[in-house]
Every structure is written in C-alpha cells, then in structure tokens.
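# Descriptive analysis of the structure
Residue-level listing of the chains:
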Amino acid sequence: MNLTHLGRRALLFTASLLFITFVLAPMGWLLSSSFQSEAEITSVPPHWLPHQPTSQNFAAIFESKDQAITYENRKEGDTASGGFIPSTAKNLLPSMGNSFIIAFAVVVLNLLVSVPAAYAMAKIRFIGRNASIYLMLTSRVIPDIALVVPFFLLVQKLGLLDSKVSLIITYLAITVPFSVFILLGYFESLPDELDKAARVDGCTRFQTLTLVYLPLALPSLVAVVLFTFLTSWNEFLLALMFTQTTASQTMPVVIASFASDFNISFSFINAAAVVAVIPPVIIAIMFERYIVSGLTAGAVKG
Amino acid sequence: MNTKSSMLPKALRYPVSAYDQKSAMVFLAPMMLVLMVIAVFPIVYSLWISLFDLKLTRPNRAPFVWFDNYALIFHDPMFWSSVGRTTSFTLMSVAGIMFIAMLMALLLNEQFRGRRILSTVLLIPWAIPYVANGLMWKWIYDSGYGALNGLLFQLGFIDKYMVLLGDVNKTMFLITNAFVWKEVPLATILLLVTLKSVGADLYRAAQVDGANVWQRFIHITLPALKPGFMLVMIYETMMAIRHFDLFFILTEGGPAEASHVVAWAVYVETFRKLAFGTGAAMAYIMAIATFMLAFFIIRTMGKKL
C-alpha cells in the first residue's frame, strides 16, 4: 500500500513537472531572452539564463519616444551591441494606449447590449424568443475572416478607416454573441420565482433586471468583462485591416510590424512581446476562478 | 390582444402579456442591431460583392460577373492545395490538442498538493495575444540562434543548427505546435469539467470488481469523456480552419507556399492583390463550409441543447 502510494506521488510529480514545462518553458525563454543583450542573445548554444542581465531592451521601448530614428543612429547601433530598434518602436506605447481605450469602450458597450438581451431571453416570455436565441447562436459560427471584406468596405464608405470607432464597433459585434451566451446560461440558472416576486411587488421589467438579477449575476458579469477585454486586447486580423497610423493602431498590429523588419534585434522584439503579455497574464492569474467558470458555462451549453 | 394570442404556438398556455412583449423588444433591440452588423449584413453584402469583379486597383470599373469568381476559385489548383493544407493543419491541431488536453485534464482531476498552481498557470497561454505567441515561437524556432536548435544541439540530437521555419517539410508542424500550445488550456478546462461529472462510485465499483487502472481508463474514463471530446473537436476545428495570425507572423504563407492555407489565401487575395470580389467569394466559401460543418455537428449531437 505504501509503495503504491509512493509510486502515485512520483507519477503525479513527474506529470506536474512535464505540465509546467510544457506551459511555462516557452514563456520562460521569452522572458529570459528579453533581459539579454543582442550580443548575448546570439550566442551558440543559447544562454538559458542571462549571464549579464540588462534592462536596455525595455528602456528602448520607453525611451524611443523622443529619439528620432535617422540613418546615422540606425547605422551606429550595430546588431551585435543591441542598438537596433525598429523605426516603429515609438508607436508601441501609444498603441497600448489605443488598445486600452478600445478594450474599455468595447467592455462598457458590450455590457449595455448583452445584459438586457440575455435577461429578456432567459426570463421573459415573448414571441420570437426562440428565433432570437437561434440567431445569436448562428452568429457565433461566422469566421472573422469572412467579415473582413464587408466590414472593410463599410468602414471605408463611412470614412472610418484608421479610427478607433471602427474597431470599437467591429469588436462589439464580435464579442456580443459570446457575452449574451454566457449571461443567458447564468440568468437561466437563477430561479424564476425571483422574477415573479419582483413583478408582484410592482417592479418594472427594468427594475427587476437591475435591482434583483444584476447583483446575483455578478460572477458572470466579471467573466464577460474579462473575455471582452481580452478579445479586444488580443485581436489582430481586423485591427491589421482597419488601422494605419498611431491614431488607431492597436498593440498587436505594432508588435507584428516588428516581426517583418529584418534588421530588428530579437532582444527588442522579445521585450515588446513581454510587455504585451503582461496585462493578459495578470488577468489570467488574478481572475482564474471567474474565467474557468465562464469558459465552462459558455462552452458546455454550446 | 386576440390577434396576438392566435399567433402563439399551442405550447404556450398563457397569452404573452403586451407589456412583456414590449419590454422584451426594447431589451433585445441593441443586440439585434449588433447581430445585424455581424451576421445579416456581412452575409448579404459579401455575397453581393462576390458577384462583382471588384479590384481596388481599378475601383471605378467593377463589372457584375455572376458566379465567375467562384468558378475561378474552384478551377484554381492553388486554392485546392490550400484547402488541403488547411485540412491537414486542422486535423493535426485537433488531434494534438485533444491528446495533450486529455493528459492534462487527467492530471488536474487528481487531488494533490500544487494542483491549484497548475490550473492557474494553465490559463497563461490561453490569455496572451496570438501575435505575442507567434513572436515567441518565431524566436524559439529561429534557425540561427533559436532555443529549439539550441536544445536539440545541447542534447546531442543534431550536430549543427538546422533550418526550421524555412524548411518546407517542417514549417507546418512547427506552426501546428505553436497553435496547439495556445489552444490546449481551453480544451483542458472543457475536458476537466466532463471528467468531474463522472461519479467516484463508478471507479470504486470497478475497483471492487477487480478492474485495473488501464481497464478503468478504457471502460469508464474514455466513454465519460466523449461529450467533452466532441465539444473540443467542434470548437477547435472551427478555430483551426479560420486561423490566420500565426501564418501571418511565422511564415506569411511560405516557404514556397508550404503554409499557404485558405485563411492566408483570403488575406492575400483581398489585401495584397486587392481583388475584393474573389476575396469575398473565397471567404464566403470558407464561411459556408464552416457553417455546414457546424450544422452537421449540431444536428448529430445537439439534441440535448
């Protein structure tokens, strides 16, 4: 008995180690190389941990703002010394600002749209209820690449190319079905009696929603906020199509532009990628419980 | 009131109150507007555009060509080879995701110290942007200085660094790996929920009957996981078919079109060649294929919804 117990412990330990390695090793390598100079990063075989840790890659992100990139200083910074920073580096911080503004706006609008719709579909008996649920479910299946051409032409016609508004509208459209889906499941799990009691006590539909159900639905609201934020923060394809300058470019677009620059130092790209993943990673760790319950609720019914 | 109740299905025993109907309409209006934008408008408008020979290189002349764009695409061997690549990418990804996610879910289903840490860490790949994921793997796969080459070299598997993403025989596997890494967490969570629904009694009963670990896995765990597997399969199939970001970051369809998948082809057609007509047609074909797949799956297993 004791031996099998020991064997079980050993097996679980090994499996956990493999698990952690699979999930964290790539991230760890990214983090490690973001603290290495270009000279160190190009060593063969690689230094798994930086021998001389440096923060110059991160400094480059935050200082590049004032530094005009000219032919001379571009030439000066040779690849070996890590002086190469892309001409688009100064766009990174503004683009993160754009990403935050857009994500925030999408989150707020998304709640305003999804909450009443989900409540109506879950708790009110009305003609067209099934039809609206089916429409909502269907729209989850449309691939985003199929939206690109019609959205692009529409946005162009409205003169909204390269504006944050175009991204806010499209992200809203992308995120609403999923939010409604999660909220619908949650509202359905709350007892109908609350609805009847509130109505008997003279609440309007609006009051029933805001005073009775919303406080109870808080966990699912948190999940919706997180998903909407992450989707907006991470989205790339539509942002790539609709944005051109720092007026609207989001973080993924700017980071991706580094990748197509052949001269650029990988140490700098790594630092930029680390900066880009910090907000999502913090969210994932802090709100793990909400995310997991939201994901399971959102998917199991689908 | 009379007309309203006559419109009701017989299943509704009580008439819908006019107030409820009105408030439901008001509550639903914003969502309907949004669904118009995301579902109805693109479906109709895409189909319309796909019937024109619309090229942004000459925006003023866009003749109506009926279904010529579709014919053009279906006669293009390049399109069919990209369909093949999307299919193999999807099959490899879904198989890899399901296998790794199953192992991870089985581990997380056990009770042991440190389990919480694992399940928290698991969410990290899920949460990060695909662009950052792509850059991370691009650096790992780097032929000159990357970690993969370094690791294989230090472990003695290779004598000298090899070309990775630039090798037509390796590139799709490497992209698949990057995709699987990012998608495994969600699949694990979904499978874990399914596992949790299996009663411990069942295992105990099987143990009493003398079933060993392997037999219990085959006869209890695997069948119990079936709904979870189906769910993961549906979701990840759709994700893989439409996936674009990694192809953009890692290879841009190369080398020598080795990673020229359908999603990438739509992008090239639309935003590199500026042929919006054929681009829209191609996207439409993709959307319909995805729809049919979803419909098929919902018909076969969506009964309990």
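Up top is the structure.
Quick caveat: nothing in here was measured; it's all calculated off a predicted structure.

One frequent convention defines the size of an interface as the accessible area lost when the parts assemble. Counting from both sides, the interface comprises 97 residues of chain B and, opposite them, 96 residues of chain A. Summing the contributions of chain B and of chain A, the shared interface buries around 8700 Å²; its carbon and sulfur component is 80%. On the chain B side of the contact with chain A, Phe27, Ile38 and Trp139 of chain B bury the most area, a combined 9% of that side's loss. Inspection of the chain B/chain A interface yields four salt bridges.

As a further point, take the packing of aromatic side chains. Counted according to the given criterion, the structure contains 43 aromatic pairs over all chains. Between Phe152 of chain A and Phe271 of chain B, the ring centres sit 5.1 Å apart and the planes meet at 85 degrees, which makes this aromatic pair edge-to-face. Of the two residues, Phe152 of chain A is situated in helix H7 (residues 145-157) and Phe271 of chain B in helix H12 (residues 262-272); the pairing between them involves two chains. Ring geometry for Phe227 of chain A against Trp126 of chain B: centres 5.7 Å apart, planes inclined by 85 degrees, an arrangement best described as edge-to-face. One end of the pair, Phe227 of chain A, is in helix H11 (residues 218-234); the other, Trp126 of chain B, is in helix H5 (residues 115-127), on a second chain. A residue is classified by how much of its surface remains accessible, and Phe227 of chain A, at 5% relative accessible area, is buried. Take Trp126 of chain B: its relative accessible area is 16%, and that puts it in the buried class.

Once that is clear, we can look at the pattern of salt bridges. Applying the stated criterion to the full structure yields 11 salt bridges over all chains. The closest approach of N and O atoms between Asp20 of chain B and Arg205 of chain A, which form a salt bridge, is 2.9 Å. Note that Asp20 of chain B is positioned in helix H2 (residues 18-49) and Arg205 of chain A in helix H10 (residues 205-216), a pairing that runs across two chains. Linking Lys55 of chain B and Asp53 of chain B is a salt bridge whose minimum nitrogen-to-oxygen distance equals 3.0 Å. Residue classification places Asp53 of chain B among the partly exposed positions, given a relative accessible area of 21%. In the salt-bridge network here, residues are joined through shared partners; they are Asp195, Arg199 and Arg205 of chain A together with Asp20 of chain B.

Criteria and cut-off values
- Throughout, a residue's number is its position along its own chain's written sequence, starting from 1.
- Chains and ligands are labelled sequentially in the order written, the chains with letters from A and the ligands with numbers from 1.
- In keeping with the predicted nature of the model, local features appear solely for residues at pLDDT of at least 70, side-chain atom pairs appear and are counted solely at 80 or more, and the whole-chain, interface and lining totals rest on all residues.
- Side-chain metrics in this entry use all non-hydrogen atoms of the structure; hydrogen atoms and water are not considered.
- In this description, contact between two residues means that some pair of their heavy atoms is separated by no more than 4.5 Å.
- Accessible surface is computed with a 1.4 Å probe, and the buried area is the amount of it that two parts give up when combined, taken over both parts together.
- Just to be clear on terms, a salt bridge is a Lys or Arg side-chain nitrogen sitting within 4 Å of an Asp or Glu carboxyl oxygen.
- Here is the rule: rings of Phe, Tyr and Trp (six-membered ring for Trp) pair when centre to centre is within 6.5 Å. Planes less than 30 degrees apart are stacked, more than 60 are edge-to-face, and the remainder are tilted.
- Working definition: helices are DSSP H or I runs of at least four residues, strands are E runs of at least two. Numbering for both runs from the N terminus.
- Per-residue accessibility, obtained with a 1.4 Å probe over protein chains only, is compared with the maximum for each type, and a residue is labelled buried under 20%, exposed over 50%, and partly exposed between these values.

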